[in-house]
Amino acid sequence: MRLTSRGVQRDRKIELAMTSMIDMTFLLLIFFMTTGGFMTIERDLDSAIKERPSGRAASSDLEPAIVEITRVGSGYVYRVGSRELTTARELTDLLRKFPNKIDGAYVRVSDGAPFEMAAAAIQSCKDARFLSVAYVPID
Amino acid sequence: MRLGKRRATPLPELNMTPMIDVVFQLLIFFMLVPHMTRVNKELLELPKLSGTEDQQESAITINITRDGQIIVTNEPRTVAGVVEMVSEEIRRLGGDRSRVKVLVRADHRGTSRMVNQVVSALAKLGVHQIRVGVEVPSR
């Protein structure tokens, strides 16, 4: 015969203090919300350096592919042969039509040219599947 | 027959609060430390491009600000200073210039003047491969 009451044991439950965990969870939430906007993913554009330009693009033929960032009026444009392009998308479309991708492309950049355009020109050459892209600084 | 009142054995309680506190503190610590240790990367607005390859570890990261200032490992440098650093790296690699990994991170709002100077100086040292840092645009 058991004289002890079982009810006493059954009512005893393990209690977890949740307050601290909730505190920390909210702290983490705030951390990720605030830092999330500042974190950026960086990638690389690999390019060769050519100290001197290898020549000028012919006005009629587009080979070899030489992209020059030149000043026209108050702004800069991408010049390929005789064509002047204002956007990187146009440049990519044009470069895709080049048959010879093995010899690579040259990006000639003058000192005053916006670096954004120089980087975009390298990207366009890469997107157009040129095997190598050479960065050529010009005065 | 047992007449004595059986005492209920108390259930063991695990106090989880300090452990959770410490675990979260460690989590935050290890999440923040990698960001703090990236001293070689200045806060720049890089060209928003897709790039061609994931960013790799580079021996020398050259940051070029919007106004054309060169910063390497949080310190302003001149082109001559960069040349000295790269020369040291070449010496460290036993003269093998092809193994020198240089990453140029330039603000897209600036001109290409300083990039051109750095690139020309590297070419004179025999370093003919650079990588240009870009920022993958957020979707």
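Residues numbered from 1 in each chain as written. Chains lettered and ligands numbered in written order. Predicted model: local features only at pLDDT ≥ 70, side-chain atom pairs only at ≥ 80, totals over all residues. Heavy atoms only, no water.

Peer 1: For this particular structure, what's the right way to read the overall build of chain A?
Peer 2: Helix and strand content of chain A: four helices and six strands. Along the chain direction, N to C, the helices and strands of chain A fall in the order α-α-β-β-β-β-α-β-α-β. Considering only contacts within chain A whose residues lie at least 6 apart along the sequence, 67% involve residues at least 24 apart. Carbon together with sulfur atoms contributes 54% to the accessible area of chain A, which is approximately 8,400 Å² in total. (Helix = DSSP H or I, 4+ residues; strand = E, 2+ residues; numbered from the N terminus. Contact = heavy atoms within 4.5 Å. Areas by Shrake-Rupley, 256 points an atom, 1.4 Å probe, with all protein chains shown as cover.)

Peer 1: Hey, could you run me through the packing of helix α2 (residues 79–92) of chain B against helix α3 (residues 113–125) of chain B in this one?
Peer 2: Helices that pack against each other are described as a pair by the angle of their axes relative to one another and the distance between those axes. Residues and elements named next belong to chain B. Direction vectors running N to C along α2 and α3 enclose 35°, while the axes themselves pass 10 Å from each other. With respect to the hand of their crossing, α2 and α3 are arranged in right-handed fashion. Residues Val79, Val83, Val86, Ser87 and Ile90 of α2 form the contact with α3, whose own contacting residues are Met114, Gln117, Ala121, Leu122 and Leu125. Of the residues in the contact of α2 with α3, the class split is eight nonpolar, two polar and no charged. (Axes fitted to C-alpha atoms, helices over the stretch in contact; angles between N-to-C directions. Left-handed = near helix turned anticlockwise from the far one by under 90°. Nonpolar A, V, L, I, M, F, W, Y, C, P; charged D, E, K, R; others polar.)

Peer 1: Teacher, can you tell me more about the interface of chain A and chain B here?
Peer 2: When the parts of a complex come together, some accessible area is lost, and that lost area is often taken as the interface size. Contacts between chain A and chain B engage 44 residues on the former and 58 residues on the latter. Summing both sides of the interface, chain A and chain B together bury roughly 4,600 Å²; the carbon and sulfur share of this comes to 59%. Among the residues of chain A in contact with chain B, Arg43, Asp44 and Phe115 of chain A are the three that bury the most area, contributing 18% of the side total. The interface formed by chain A and chain B includes three salt bridges. For Arg105 of chain B, the salt bridge goes to Glu42 of chain A, with nearest N and O atoms at 2.7 Å. Our count for the contact surface shared by chain A and chain B stands at 24 residue pairs in polar contact (both at pLDDT 80 or more). Elements that contribute at least two residues to the side of chain A that touches chain B include exactly α2 (19–36), β1 (42–49), β5 (105–110), α4 (115–127) and β6 (133–138) of chain A. Of the residues in the side of chain A that touches chain B, the class split is 26 nonpolar, eight polar and 10 charged. When β1 of chain A meets strand β1 (residues 53–54) of chain B, the two strands line up antiparallel, connected through two bridges. Residue pairing for β1 of chain B: Asp44 of chain A is matched across the bridge by Glu53 of chain B. (Buried area = accessible area lost by both parts, 1.4 Å probe. Salt bridge = Lys/Arg side-chain N within 4 Å of Asp/Glu carboxyl O. Polar contact = N/O pair within 3.5 Å; in protein donor to acceptor, adjacent residues only side chain to side chain. Pairing = 2+ DSSP bridges.)

Peer 1: What exactly am I supposed to notice about the nonpolar core here?
Peer 2: Side chains of a nonpolar character, in soluble globular proteins, are inclined to be buried together. Counting 54 residues, the largest nonpolar core has Ile69, Tyr78 and Leu95 of chain A together with Ile62, Ile64 and Val86 of chain B as its most contacted members. By residue number, the principal contributor to this core is α4 of chain A, which donates eight residues. Contacts of Val86 of chain B, omitting those with residues within four sequence positions, involve Ile60, Val100, Leu122, Leu125 and Val127 of chain B. (Core = buried A, V, L, I, M, F, W, Y, C linked by side-chain atoms within 4.5 Å. Buried < 20%, exposed > 50% of the residue type's maximum accessible area, 1.4 Å probe, protein only.)

Peer 1: Quick question: what am I supposed to make of the side chain of Asp111 of chain A here?
Peer 2: Summarising the element assignment, Asp111 of chain A is placed in the loop between β5 and α4. It turns out Asp111 of chain A is buried and unbridged, and the closest side chain with the opposite charge, Arg113 of chain B, is 4.0 Å from it. In terms of polar contacts, Asp111 of chain A uses its side chain to reach the side chain of Asn116 of chain B, at 2.9 Å. Beyond its immediate sequence surroundings of up to four residues, Asp111 of chain A is in contact with Ile138 and Asp139 of chain A together with Thr111, Ser112, Arg113 and Asn116 of chain B. (Lys, Arg positive; Asp, Glu negative; His and termini not counted.)

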